[in-house]
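Listed here are the chains, written in short residue letters.
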Amino acid sequence: WAKENKNPFYRIHDLKNCLVLEPGKGSRPYFQRPDFGINKFYSEAEAEFLFLSATTGLHGLLAGDSGAGKSTLAKALLSFLPEPGPDDTGRWKNNWRPLIMPHQSITAAAFLGGGASLYQGEVERAENGLLILDELLEFNSEIVETLRGPMAGERLRLARAGMDREIECQFQVIATTNLCPCGKWTPEKENISCRFSRLRCTKSLEKLSGPFVDRFGLMMFTEPKINRQISGQAVLQRIEILQKRLQVSSEKSPLEQVGTFSEIYKRFYSDVSTRRLNYLTQVAQIYALERSAETSSDLELKMDDFNRSEYWVIKPFRQLEKGMS
């Protein structure tokens, strides 16, 4: 396994997280999918968020009421991530992808890593795993803005005292936040009573800069009282069916059909960034693949795929952009 791995070198303190080999094979580690998220039940919106997050790998933002289960939903995603492959690297604690959830009081140095000996930061520990930023607006603004590059796939370079090291930023970010200090307001609500001033609420929302928010491909506004009837096992089964479709499909990729919709893009999404249009296409492809798997038909992108994608990739971000106006 170490010879097959492109990066087989680890620090001494990481040796405690040794790879566990599957008995009788010895060529690949044995991975145990955590059941934390699988044993829970979800609403339709929550199940869809988990499905899209797990299949696209896009960064996600959960915003809404306090006590609505944002943190629990974010942590549950770990149970639905793809099984690590032979080319993945990481420190497989508990024989699965890592979940890193730093506290809001963490310093920029501890988060990114560095120091005289270029010690490991939280970003590096999350490699090929999940980085959860719970209560996003409470984090140091320096940390939030520094993440813009890594979230876009850029390498993070650490340099101290003549030493330097580059980190492959391969992780998925799921952030949770209350958009208002009262913990009640979302763009989908009207006539919300709040004991804080309008100025303070607006300033709190302004902490989310446009360029940073644009790194998130998916967004969901959570609700405190919802009906949760979809099992985690059903969500996982849906994900696994799609993954099998991706593995066996040798047909024309839906991505090659995007040119057909170029005029539609220009007409309806003229105010949307190129990055967000890419997100829209990624999610639309997932829906097209799922439909082809269910009907055993050829892959074909339809307008309905883009309409469904827009609900997660375009609509909530436009609502957030309007703020409290």
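Rules of the game
For every chain, the first residue of the written sequence is number 1, and numbering continues from 1 onward in sequence order. Residue-level local features of this predicted model are given only where pLDDT is at least 70; pairs of side-chain atoms are given and counted only at 80 or more, and the full residue set underlies all totals for whole chains, interfaces and linings. Values reported for side chains reflect all heavy atoms of the structure, with hydrogen atoms and water molecules removed beforehand. Helix and strand definitions here come from DSSP, where helices need a minimum of 4 consecutive H or I residues and strands a minimum of 2 consecutive E residues; each element is numbered from the N-terminal end. Working definition: with a 1.4 Å probe on protein chains only, accessible area under 20% of the residue-type maximum means buried, over 50% means exposed, and in between means partly exposed. Should any heavy atoms of two residues lie within 4.5 Å, those residues are considered in contact. Only the protein chains shown count as cover for residues, and the accessible areas themselves come from Shrake-Rupley with a 1.4 Å probe. Pairs of strands are assigned from DSSP output, requiring at least two bridges between the strands. What counts as an axis is a line fitted to C-alpha atoms, over the stretch in contact for a helix, and the angles between N-to-C directions run from 0 to 180 degrees. Gly falls in the polar group here, along with every residue not listed as nonpolar (Ala, Val, Leu, Ile, Met, Phe, Trp, Tyr, Cys, Pro) or charged (Asp, Glu, Lys, Arg). The predictor attaches a confidence to each residue, called pLDDT, with possible values from 0 through 100. Taken from the helix axis, the directions to the C-beta atoms give the arc we talk about.

## Brief notes about the overall build of the protein
Phase 1 of the analysis: The secondary structure content of the protein amounts to 13 helices and nine strands.
Phase 2 of the analysis: Every one of the 325 residues in the protein was classed for burial, and the buried ones make up 49%.
Phase 3 of the analysis: Summarising the internal contacts of the protein: among those between residues at least 6 apart in sequence, 77% fall at separations of at least 24.
Phase 4 of the analysis: Roughly 16,800 Å² of accessible area belongs to the protein as shown, and the carbon and sulfur atoms make up 49% of that amount.

## Observations regarding the sheet that holds strand β4 (residues 130–133)
Phase 1 of the analysis: Taken in spatial order, the five strands line up as β3-β4-β7-β2-β8 in an open sheet, and their pairing is parallel. Each edge of the open sheet is held by one strand with a lone partner, namely β3 (99–100) and β8 (218–222).
Phase 2 of the analysis: Each of β2 (60–64), β7 (172–177) and β8 touches helix α1 (residues 44–56); the most contacted strand, β8, lies at about 160° to it.

## Topic: the packing of helix α12 (residues 303–313) against helix α13 (residues 315–322)
Phase 1 of the analysis: Where α12 meets α13, the axes come as close as 4 Å, and the angle between the chain directions of the two elements is 35°. Across from Glu310, Tyr311, Trp312 and Val313 in α12, the residues of α13 making contact are Lys315, Pro316, Phe317 and Arg318.
Phase 2 of the analysis: Residue composition of the contact of α12 with α13, grouped by class: five nonpolar, no polar and three charged.

## Side note on the confidence of the model for the protein
Phase 1 of the analysis: In the predicted model, the protein carries a mean pLDDT of 79, and the fraction of residues at 70 or more is 75%.
Phase 2 of the analysis: In the model, residues 1–9 has pLDDT below 50 throughout and makes 13 contacts with residues more than four positions away in sequence or in other chains.
Phase 3 of the analysis: Counted against residues more than four places away or in other chains, residues 18–27, with its pLDDT under 50, gives 15 contacts.

## With respect to unusual backbone geometry
Phase 1 of the analysis: The phi torsion at Asn128 lies on the positive side, around 60°, for a residue other than glycine.
Phase 2 of the analysis: Examined against the element boundaries, Asn128 turns out to sit in the loop between α4 (122–125) and β4.
Phase 3 of the analysis: Judged by relative accessible area, which is 10%, Asn128 ranks as buried.
Phase 4 of the analysis: Non-glycine residue Glu135 carries a positive phi angle of around 60°.
Phase 5 of the analysis: Mapping Glu135 onto the fold places it in the loop between β4 and α5 (141–146).
Phase 6 of the analysis: Of the residues examined, Glu135 reaches a relative accessible area of 24% and is grouped as partly exposed.

## Considerations on the environment of Ile314
Phase 1 of the analysis: In this fold, Ile314 is placed in the loop between α12 and α13.
Phase 2 of the analysis: For Ile314 and Leu218, which are 96 residues apart along the polypeptide, the C-alpha to C-alpha distance reads 8.5 Å.
Phase 3 of the analysis: The contact partners of Ile314, leaving out residues within four places of it in the chain, are Tyr269, Val272, Arg276, Leu280 and Ser309.

## With respect to the pairing of β4
Phase 1 of the analysis: Burial along β4 is two-sided: Leu130 and Ile132 and Leu131 and Leu133, pointing in opposite directions, are all buried.
Phase 2 of the analysis: Where β3 and β4 come together, two bridges link them in parallel fashion. By the bridge assignment for β4, Ile100 is matched with Leu131.
Phase 3 of the analysis: Sheet topology note: the β4/β7 ladder contains four bridges and is parallel. Looking at β7, one finds that Ile132 is bridged to Ile174.

## Some points on the environment of Pro187
Phase 1 of the analysis: With respect to the helices and strands, Pro187 occurs in the loop between β7 and α7 (198–205).
Phase 2 of the analysis: Expressed as a C-alpha distance, the spacing of Pro187 and Arg318, which sit 131 residues apart in the sequence, is 9.6 Å.
Phase 3 of the analysis: Excluding residues within four positions of it along the chain, Pro187 makes contact with Leu179, Phe221, Gln319 and Leu320.

## Points about α13
Phase 1 of the analysis: Three or more residues of α13 are buried, namely Pro316, Phe317, Gln319 and Leu320. Buried residues in α13, looked at end-on, bunch into an arc of 160°, giving them a common side. For α13, the exposed residues set more than 90 degrees away from the buried face come down to Glu321 and Lys322.

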